[in-house]
Amino acid sequence: MDGYSPAMILKLIRKTLGALIIMGDQVFPAQPESQRTEAEKRALAPELARISLYQFQGCPFCLKVRRAIKRMDLDIRLVNCESEGTDRETLVREGGELQVPCLRIDRSGEKTTWLYESDAIIEYLGKIGKATA
Ligand SMILES: N[C@@H](CCC(=O)N[C@@H](CS)C(=O)NCC(=O)O)C(=O)O
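Residues numbered from 1 in each chain as written. Predicted model: local features only at pLDDT ≥ 70, side-chain atom pairs only at ≥ 80, totals over all residues.

Enquirer: Report on the site of the ligand, specifying residues and quantitative values.
Expert: Inspection of the region around the ligand gives Phe56, Cys59, Pro60, Phe61, Leu98, Gln99, Val100, Pro101, Glu117 and Ser118 as its neighbouring residues. When its residues are assigned to classes, the shell around the ligand shows seven nonpolar, two polar and one charged. (Near = placed C-beta within 6 Å. Nonpolar A, V, L, I, M, F, W, Y, C, P; charged D, E, K, R; others polar.)

In structure tokens form, the structure reads like this:
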């Protein structure tokens with residue numbers, strides 16, 4: 001096992017699982033439960049423009065949220081922060097921790113909110129989808 005540290009092996013396992021997760025999602029893509037009309041999409045657009053999902057592509061919790069977003073037919077900006085960089089730094093500095101998925105909610109005149117936990121994010125998006133539709 002010379003040359004392979006436990007950290008390297010864990011990273012390899014994570015990468016492999018991540019790739020399988022992405023592949024599974026491509027083979028069995030989530031489908032919208034009902035198609036929104038153009039008018040509904042226009043009504044939702046200003047609210048959704050304030051929202052971004054900070055995520056890793058191969059993270060199972062992020063996939064759960066991405067699939068819920070597809071089922072709800074919501075147009076939400078995805079921010080991939082798997083690699084070192086500005087977006088990842090912003091998440092840690094402003095959100096408070098490096099954990100994904102995390103929903104960034106920017107409301108004008110208000111402090112930015114960072115919502116962690118996949119179930120809480122899905123519940124929040126569900127309310128927006130229903131309220132504005
Ligand atoms: N309970 C959380 C779990 C989220 C979680 O464990 N995310 C992992 C990625 S799969 C994470 O952010 N780990 C931090 C890291 O990889 O540095 C949820 O449901 O959102």
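Enquirer: An account of the pairing of strand β1 (residues 51–55) is requested, with residue identities and associated values reported.
Expert: Within β1, four of the five residues are buried, which leaves it mostly tucked inside the rest of the structure. As judged from the four bridges shared by β1 and strand β3 (residues 102–105), these two strands associate in the antiparallel manner. Bridge assignment links leucine 53 to a residue of β3, and that residue is leucine 103. Here four bridges tie β1 to strand β2 (residues 77–80), and the two strands are oriented parallel to one another. Looking at the pairing, tyrosine 54 lines up with valine 79 of β2. Handedness of the β-α-β unit built from β1, helix α3 (residues 60–71) and β2 comes out right-handed. (Buried ≥ 20, exposed ≤ 12 C-beta atoms within 10 Å, placed from the backbone. Helix = DSSP H or I, 4+ residues; strand = E, 2+ residues; numbered from the N terminus. Pairing = 2+ DSSP bridges. Right-handed = clockwise from strand over helix to strand, strands pointing away.)

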